[in-house]
Amino acid sequence: MTAPANAPLSSRGRLAATLPVEQLAEISALFEFRRTGYSLDAPFYTDPTIFKLDMEAIFGQHWIFAASTAELPEPGDYVTVDYGPYSLIVLRNDDGGVNVLHNVCRHRGARVLTEAAGQTGNLVCGYHSWTYSPEGNLIHASAPGEAKFDKNCFALKKAHGLEVAGLIFVCLAAEPPTDFYETAKIFEPYLAPHELAKTKIAYQQNIIEEGNWKLVMENNRECYHCDGHPELACSLFPTWGLTEGLIPTHLEEVWERNKVAQADLEARCDRYGLPHQVVEELDTRIAGIRISREALDGDGESFSADGRRLSKKLLGDLRDFRLGRCSMHLQPNCWFHFMSDHVITFGVFPINEHQTLVRTTWLVADDAVEGVDYDLDKLTYTWKQTNIQDKAFVELCQQGAASPAYEPGPYMKSEYQVEAFINWYVHRVQEHLA
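What counts as what
Residues numbered from 1 in each chain as written. Predicted model: local features only at pLDDT ≥ 70, side-chain atom pairs only at ≥ 80, totals over all residues. Heavy atoms only, no water. Helix = DSSP H or I, 4+ residues; strand = E, 2+ residues; numbered from the N terminus. Rg over C-alpha atoms; globule rule 2.2 N^0.38 Å. Contact = heavy atoms within 4.5 Å. Areas by Shrake-Rupley, 256 points an atom, 1.4 Å probe, with all protein chains shown as cover. Lys, Arg positive; Asp, Glu negative; His and termini not counted. Charge placed at Lys NZ, Arg CZ, Asp CG, Glu CD. Buried < 20%, exposed > 50% of the residue type's maximum accessible area, 1.4 Å probe, protein only. Polar contact = N/O pair within 3.5 Å; in protein donor to acceptor, adjacent residues only side chain to side chain. Salt bridge = Lys/Arg side-chain N within 4 Å of Asp/Glu carboxyl O. Pairing = 2+ DSSP bridges. Axes fitted to C-alpha atoms, helices over the stretch in contact; angles between N-to-C directions. Core = buried A, V, L, I, M, F, W, Y, C linked by side-chain atoms within 4.5 Å. Disulfide = S-S within 2.5 Å.

## Some details on the overall build of the protein
Here comes step 1: If you tally the helices and strands in the protein, you get nine helices and 17 strands.
Here comes step 2: The C-alpha atoms of the protein give 22 Å as radius of gyration, which agrees with the globular expectation for 434 residues (22 Å, within 12%).
Here comes step 3: By its C-alpha atoms, the protein is 75 × 55 × 35 Å across when sized along the principal axes.
Here comes step 4: A separation of at least 24 residues holds for 68% of the contacts in the protein among residues at least 6 apart in sequence.
Here comes step 5: Just so you have it, the protein exposes about 18,400 Å², and 52% of that area is on carbon and sulfur atoms.
Here comes step 6: Between the mean site of the 38 positive side-chain charges and the mean site of the 60 negative ones, the protein shows a separation of 4 Å.

## A closer look at helix H4 (residues 48–57)
Here comes step 1: The buried fraction of H4 amounts to eight of the 10 residues, a majority that puts the element mostly inside the structure.
Here comes step 2: Those residues of H4 not exposed but buried are Thr49, Ile50, Phe51, Leu53, Asp54, Met55, Glu56 and Ala57.
Here comes step 3: By the N-cap criterion, in which a side-chain oxygen at the helix start approaches the backbone nitrogen of a residue two or three places on, H4 is capped by Asp47, the distance to Thr49 being 2.6 Å.

## What about the side chain of Glu231?
Here comes step 1: Positionally, Glu231 belongs in the loop between helix H6 (213–220) and helix H7 (252–272).
Here comes step 2: Salt bridges are absent for the buried Glu231, whose nearest opposite-charge side chain, Lys384, sits at 13 Å.
Here comes step 3: Polar contacts involving the side chain of Glu231 include one to the side chain of Gln389, which spans 2.8 Å.
Here comes step 4: For Glu231, the residues in contact, after removing those within four places along its chain, are Tyr381, Thr382, Gln385 and Gln389.

## Focus: the sheet that holds strand E10 (residues 167–171)
Here comes step 1: An order of E1-E10-E9 is seen for the three strands of this open sheet, with the pairing classed as antiparallel. Each end of this open sheet is capped by a strand with a single partner; those strands are strand E1 (64–68) and strand E9 (160–164). If you compare each strand with its neighbour and ignore which way they point, the axes differ by 30° on average.
Here comes step 2: Across the sheet, helix H5 (residues 180–191) lies against E9 and E10, angled at about 30° from E9, the strand it touches most.

## Comments concerning the nonpolar core
Here comes step 1: Residues Tyr83, Phe187, Ile291, Met328 and Tyr425 are the most contacted members of the largest nonpolar core, which totals 111 residues.
Here comes step 2: No other element matches the seven residues that helix H9 (residues 416–433) contributes to this core.
Here comes step 3: Leave out the neighbours within four places in its chain, and Met328 touches Leu167, Phe187, Leu191, Ile289, Arg290, Ile291, Trp335, Phe336 and Phe338.
Here comes step 4: Within the second largest apolar cluster, 15 residues are counted, among which are Ile89, Val112, Leu113 and Leu123.

## Some words on the sheet that holds strand E5 (residues 117–119)
Here comes step 1: If you trace the four strands from one edge of the open sheet to the other, you get E4-E3-E2-E5, paired in antiparallel fashion. Two strands lie at the open edges of the sheet, namely strand E4 (98–102) and E5, each paired on one side alone. Across the sheet, the axes of successive neighbouring strands diverge by a mean angle of 25°, strand direction being ignored.
Here comes step 2: Alignment of strand E3 (residues 86–92) against E4, held across five bridges, turns out to be antiparallel.

## Quick word on the environment of Leu265
Here comes step 1: Residue position: Leu265 is located in helix H7.
Here comes step 2: Spatially, the C-alpha atom of Leu265 lies 7.5 Å from that of Glu294, the residues being 29 residues apart in sequence.
Here comes step 3: Beyond its immediate sequence surroundings of up to four residues, Leu265 is in contact with Arg293, Glu294, Ala295, Arg322, Leu323 and Gly324.

## Comments concerning the state of the cysteines
Here comes step 1: Summed over all chains, the structure comprises one disulfide.
Here comes step 2: Between the sulfur atoms of Cys223 and its disulfide partner Cys226 the distance amounts to 1.9 Å. Residues Cys223 and Cys226 share a disulfide whose torsion about the S-S bond is about -110°; that sign makes it left-handed. Comparing Cys223 with Cys226, the two get one shared label, buried.
Here comes step 3: Here Cys125 is not cross-linked by a disulfide; its sulfur's nearest cysteine counterpart is in Cys105, at 3.9 Å.
Here comes step 4: The exposure class of Cys125 is buried, given its relative accessible area of 3%.
Here comes step 5: Looking at Cys326, it has no disulfide partner, and the nearest cysteine sulfur is the one in Cys269, 8.9 Å off.

## Details of the pairing of E3
Here comes step 1: Across the seven residues of E3, seven count as buried, placing the element largely inside the fold.
Here comes step 2: Residues of E3 alternate between two faces, with Tyr86, Leu88, Val90 and Arg92 on one and Ser87, Ile89 and Leu91 on the opposite face, all of them buried.
Here comes step 3: Pairing analysis gives six bridges linking strand E2 (residues 77–83) to E3, with the strands arranged antiparallel. Opposite Val79, over in E3, you have Val90 as the bridge partner.
Here comes step 4: Between the end of E2 and the start of E3, which pair antiparallel, lie two residues, with Gly84 showing a positive phi angle near 50°.
Here comes step 5: Where E3 folds back onto E4 in an antiparallel hairpin, the turn is made up of five residues, including Gly96, whose phi is positive at roughly 90°.

## Focus on the pattern of salt bridges
Here comes step 1: On inspection of all chains with the given rule, the structure shows 21 salt bridges.
Here comes step 2: Of the charged contacts in the structure, one is a salt bridge between Arg92 and Glu163, with a shortest N-O distance of 2.8 Å. Remark: Glu163 occurs in strand E9 and Arg92 occurs in strand E3; sequence separation between them is 71 residues.
Here comes step 3: Looking at Glu163, the relative accessible area reads 10%, which means it is buried.
Here comes step 4: Lys259 serves as the salt-bridge partner of Glu256, at 3.5 Å between the closest nitrogen and oxygen. Of this pair, Glu256 and Lys259 are both found in helix H7, three residues apart, which corresponds to roughly one turn of the helix.

If you want it as structure tokens, here you go:
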């Protein structure tokens, strides 16, 4: 775990202080009288002011998944991460840590780095060539002598960065929530055997969904809709999220097969000393988490039509391909699948109240060779198809939320994780407004 580089930016309740009293009261009432067990009122998905509040109270205060270690393995490697009004540079430094800098030039505010990823020494703004060190210090302003100022006062602003088990998180808050460190202790033992630091990017996909970010997260937190994912259903048991007594007749045979596969998987994990227990604290801690290791259908190895491996190379020090998937959800913007042969990360980055970028990244062993150890089309097929289907589902809901006929509907029992996500969200915003 890398120590964060501290530098405060945001303050609590900044937006609330600027809103007219009546508007603030109206928004506060939406949160206070939110009906438990029901979807949110329409303004949560359509109102630009609530979106600004989300950016301040959620994305401005909590740890956000930004990238994987594989995306910036060497000093000078960087990615830019945009969400809402923010743009950050996440850069690997010479000490092996990550620097997180606001991508806003201190001269006129231009974006300093405009590419999504790359390699750089110093950071040079393309507008007037103001130049910053990898630490963000201003080291050169062109045409010296035209104006006198102390360069030390014009460094790029910093945010917090944290690297845990091959995943990189950022936080804009002056004082980030400290219980994330406890959450990291929960998931680190599950991820460590996969050794994400020894993986490479096989493929990365960016999809812009015409939907509010909360609809994207809600869609991910349930499998009630999984009949709409025929490719995924080849390997992912569509009974995910169900319990005894909730199994529909057409899934009873699948449920029995799932139970046998799960028992076999857990015995195998116990043999190898791999944690597989369900830890579910989605709304009972500030850094909400759900993690488990779950069986896959078929051969139980990967997300393929028959459940067989999609890469010939095992990750890390794993000794068996039949390890199902280690599934992790973190609030507020990510989920992951860790298999024995590859890893898929999902990051959700809001653009505005009705658009969201979903970034999916497939990681394989760093010595795996495309065309020899894995076929890229086969590796990415299931989740490319699933992402397209999920995009359509989210957009249908966004269209509905914008309709005058929309009113909140009840969640089914199998959608309890959606309720947990919404409950987490409502409480975090209310804490911010208090």
